[in-house]
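# Remarks on the overall topology
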Amino acid sequence: MSSIQDIQDQIIEEFAILGDDKESTIYYIMELGGQLPKFPEEERLEENIIKGCQSKVWLTTREEDDRIQYLADSNTDITKGLISLLIRVLSGRTPQEILKADLDFIDKIGMGNIIGSQRSNGLSAMIKQMKLYALAYQAKQNV
Amino acid sequence: MPLNIEKIRKMFPVLHQEVNGKPLIYFDNAATTQKPQSVLDSLTGYYEHDNSNIHRGAHTLADRATRHYEETREGVKNFINANESAEIIFTKGTTESINLVASSFGRKFITKGDEVIISTLEHHSNIVPWQMLCEEKEAILKVIPINDKGEILLDEFENLLTEKTKIVSIVHVSNALGTINPVKEIIKKAHQIGAKVLLDGAQSTNHLDIDVQDLDCDFLAFSAHKLYGPTGLGILYGKRSLLEIMPPYQGGGEMIKEVTFAKTTYNEIPFKFEAGTPNIADVIAFQKALDFISSLGKSNIKRHEDELLDHANNSFGQINGFVPVGTAAEKVSVISFNINGMHPFDVGVMLDANGIAVRTGHHCTQPLMQRLGLEGTVRASFSVYNTKSEIDQMAVSLAKIAKIKNK
Ligand SMILES: Cc1ncc(COP(=O)(O)O)c(C=O)c1O
């Protein structure tokens, strides 16, 4: 499996191809959202909604071989696209890797400009929640 | 007389820019309108030549600033045809104007078991102040229902009115849907049982001719920034007979006649309600916005905006997946809609990528959205400087966006 950094570099490259054209960038993000695996309906619970996002975001996890699998969904396609990027980078990794990860691709692809400041706050809230899950799993694995 | 829109557009510097590589199309006028050069010049001119505190200094600058400030009060009085300029109070916005009435009128005249009536169409700023008041006073908040087109049900309103009703606070024009409410009827009915009426005029004062004496409303609240004027300035009109018997809203300078540690006597209206140094520059500049409106003529503005609304209804209506929200018979130039299968947020972001500014979301009317069973809408709202060709461009972008989910 490629490293977190390798995947971030891939994403940066993909977005570089799209260039400055905001419209095609957004279409691309929405397309990514469309490829997000289906969210388990029984997990669509109030307690799985991430606070701080303008649009609704559900996030839950599974543990497989000491690695975290993230499952997420949103009611907006753009947000789904953003989540799918985060999942591509972080899912299937150990809690330690996730906690250490410096997600510099977000700044490097100029995400703030693409999605605006409100959505950027939402994106930060998602990352925080993903790292909190990692922290919880780490604590559990250490006992 | 048809307006020369190209000439009008030249008065608004902000319109002439590119956004995301496309010429800006500004369709978020219900949130706030752009400001003509004359308003901008007045703002800088005030600070360059006249800046001083009003109603106090005995010097020339203070005198000049005071005169200009009071001229705007006169201008606003004429704009809504109030009986006298003392009935015009400057606040920081519609929100503060409503809060002023809720806390001052409410504190004095509303007691346990009394009733306040609002409607399903209200903006949060005409809901929350009344909820707070009712909670404090153990009064009852009643809500007039609407039909699926977004129109108030007058019969239901009559059923809600009782001898316990102290005030009816109602939006004149809905910001989310554009519905024009039959406020004259509502005022008449409310007065018959002795209730007072506050009109939230945030969205009506810029589109409709307003004559408070003819309407006979007791209060009218509106914001300068939705009327080509500066932000941070609002107006509360109130009938003298009421303003005089209402207690002050805030205490401080300006609003007093005499202060001793034992007792303070209050100034006359309107000063009783304008504690502290007011928003002098913006008040003075607002007169230029009123001049701009009267130079065009409200009926000419309305005609142009109505044409834009018709045009948008026709051209957006042909787009596969376009679902209009709010189809009242009487509307201003606001078009709220959804695209089948798409979140309004996503539609807004994609329109923005095309240089088109619209509002998306619940428009500070969450109870209305709940009533309509929607999470939100996309709202395009047109102003005098907008053109049919801008609407055509939006229709092209929208058709492309809608195609993603409506093949
Ligand atoms: C109908 C209505 N009422 C009240 C307000 C609040 O106005 P302000 O934010 O200027 O106080 C608005 C503004 O969006 C509005 O549209």
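Everything discussed here concerns the structure shown above.
Here's what I pulled together on the structure shown here.

Here is what the cut-offs are and how they apply
Residues numbered from 1 in each chain as written. Chains lettered and ligands numbered in written order. Predicted model: local features only at pLDDT ≥ 70, side-chain atom pairs only at ≥ 80, totals over all residues. Heavy atoms only, no water. Helix = DSSP H or I, 4+ residues; strand = E, 2+ residues; numbered from the N terminus. Rg over C-alpha atoms; globule rule 2.2 N^0.38 Å. Buried < 20%, exposed > 50% of the residue type's maximum accessible area, 1.4 Å probe, protein only. Contact = heavy atoms within 4.5 Å. Lys, Arg positive; Asp, Glu negative; His and termini not counted. Charge placed at Lys NZ, Arg CZ, Asp CG, Glu CD. Salt bridge = Lys/Arg side-chain N within 4 Å of Asp/Glu carboxyl O. Buried area = accessible area lost by both parts, 1.4 Å probe. Polar contact = N/O pair within 3.5 Å; in protein donor to acceptor, adjacent residues only side chain to side chain. Axes fitted to C-alpha atoms, helices over the stretch in contact; angles between N-to-C directions. Parallel < 35°, antiparallel > 145°, perpendicular 65-115°, else oblique. Left-handed = near helix turned anticlockwise from the far one by under 90°. Near = heavy atom within 4 Å. Areas by Shrake-Rupley, 256 points an atom, 1.4 Å probe, with all protein chains shown as cover. Pairing = 2+ DSSP bridges.

### Brief notes about the overall build of chain B
Of the regular secondary structure elements, chain B holds 14 helices and 17 strands. Taken over C-alpha atoms, the radius of gyration comes to 22 Å for chain B, in line with the 22 Å a tight globule of 407 residues would show. For chain B, the spread of C-alpha atoms along the principal axes amounts to about 75 × 55 × 35 Å. Taken across its 407 residues, chain B has 58% of its residues classed as buried.

### Description of the overall build of chain A
Across its full length, chain A holds 6 helices and 2 strands. The helix and strand sequence of chain A, counted from the amino end, reads α-α-β-β-α-α-α-α. Over its C-alpha trace chain A gives a radius of gyration of 15 Å, about what one expects of a compact globule, namely 15 Å for 143 residues. Out of the 143 residues belonging to chain A, those deemed buried represent 51%. The long-range share in chain A, meaning contacts at least 24 apart out of those at least 6 apart in sequence, stands at 64%. In chain A, 16 side chains carry a positive charge and 23 a negative one; their mean positions are 5 Å apart.

### Some thoughts on the pattern of salt bridges
Residues and elements named next belong to chain B. Overall, the coordinates contain 33 salt bridges over all chains when judged by the stated rule. Measuring nitrogen to oxygen at the nearest pair gives 3.1 Å for the salt bridge that ties D214 to K184. With D214 in helix α8 (residues 212-215) and K184 in helix α7 (residues 183-192), this pair connects stretches of sequence that are 30 residues apart. Here D214 falls in the partly exposed class, since its relative accessible area comes to 46%. Given a relative accessible area of 44%, K184 falls into the partly exposed group. Measuring nitrogen to oxygen at the nearest pair gives 2.5 Å for the salt bridge that ties E244 to R240. In this pair, E244 and R240 are both assigned in helix α9 (residues 240-245), 4 residues apart and thus about one turn of the helix distant. When its relative accessible area of 28% is taken as the criterion, R240 is described as partly exposed.

### Some details on the interface of chain B and chain A
Across the contact, 16 residues belong to chain B and 13 residues belong to chain A. Broken down residue by residue, the surface that chain B buries against chain A is led by F345(B), D346(B) and V349(B), which jointly contribute 37%. Counting the contacts that link chain B with chain A gives 4 salt bridges. E23(A) serves as the salt-bridge partner of K400(B), at 2.8 Å between the closest nitrogen and oxygen. The tally of links from chain B across to chain A stands at 7 residue pairs in polar contact (both at pLDDT 80 or more).

### Some remarks on the packing of helix α11 (residues 298-317) of chain B against helix α14 (residues 388-403) of chain B
Residue and element names in this part refer to chain B. The interhelical angle for the contact between α11 and α14, taken along N-to-C directions, is 25°, at an axis separation of 10 Å. For the element pair α11 / α14, the angle class is roughly parallel. In this structure, α11 meets α14 at a crossing whose hand is right-handed. On α14, the residues touching E307, L308, H311, A312, S315 and F316 of α11 are K388, I391, D392, M394, A395 and L398.

### Here we look at the site of the ligand
All names here are of chain B. Around the ligand, a shell composed of 13 residues is seen, among which T95, D200, Q203, S223 and K226 lie nearest. A distance of 3.3 Å separates an oxygen atom of the ligand from a polar side-chain atom of H123. Take S223: an N or O atom from its side chain is 2.7 Å from an oxygen atom of the ligand. Compared with its free state, where it exposes 400 Å², the ligand has 84% of that area covered by protein.

### Section: the sheet that holds strand β4 (residues 88-91) of chain B
Residue and element names in this part refer to chain B. A sheet is described by the order of its strands in space; here 7 strands give the open sequence β4-β10-β9-β8-β7-β5-β6, paired in mixed fashion. With one partner strand each, in any of the chains shown, β4 and β6 (140-144) form the two edges of the open sheet. In this sheet, adjacent strand axes meet at a mean angle of 20° when their direction is disregarded. The pairing of strand β5 (residues 115-119) with strand β7 (residues 165-171) spans 3 bridges and is parallel. In the strand pairing of β7, I117 is matched with V168. Its contacts with the sheet place helix α3 (residues 60-80) against β4, β9 (219-223) and β10 (234-238), and it is angled at close to 115° to β4.

### Brief notes about the pairing of β10(B)
The two faces of the sheet receive side chains in turn, since in a regular strand these alternate between them. Residue and element names in this part refer to chain B. Within β10, 5 of the 5 residues are buried, leaving the element largely enclosed by the surrounding structure. Residue alternation in β10 divides its side chains into two sets, G234, L236 and G238 and I235 and Y237, and both sets are buried. Where β4 meets β10, 4 bridges bridge the pair, whose relative direction is antiparallel. Residue pairing in the sheet places I89 in a bridge with L236 of β10.

### Digging into the sheet that holds strand β16 (residues 359-361) of chain B
Within a sheet, adjacent strands bond to each other through the backbone by hydrogen bonds, running parallel or antiparallel. All names here are of chain B. Pairing is antiparallel across the open sheet formed by 4 strands, whose spatial order is β13-β14-β17-β16. The open sheet terminates on both sides in strands that have one partner only, identified here as β13 (322-325) and β16. Neighbour-to-neighbour, the strand axes of this sheet turn through a mean angle of 30°, independent of strand direction. Two strands pair when backbone bridges link them, and β16 and strand β17 (residues 377-381) are joined in this way by 3 bridges, in the antiparallel orientation. Within β17, the residue paired with T360 across the bridge is V378. Packing against the sheet, helix α12 (residues 344-353) makes contact with β14 (334-339), β16 and β17, and its axis sits at approximately 40° to β17. Here α14 sits on the sheet and contacts β13, β14 and β17; the angle it forms with β14, its principal contact strand, is near 20°.

### Focus: unusual backbone geometry
Going from I269(B) to P270(B), the amide bond is cis rather than trans, its omega being 5°. Structurally, P270(B) can be placed in the loop between β12 (264-266) and α10 (280-296). The residue D66(A) is not glycine, and still its phi comes out positive at about 65°. Structurally, D66(A) is set in the loop between β1 (57-64) and β2 (67-74). Given a relative accessible area of 47%, D66(A) falls into the partly exposed group. One non-glycine residue, D216(B), lies in the positive phi region at around 65°. Within the element layout of this structure, D216(B) appears in the loop between α8 and β9. D216(B) sits in the partly exposed class, given a relative accessible area of 33%.

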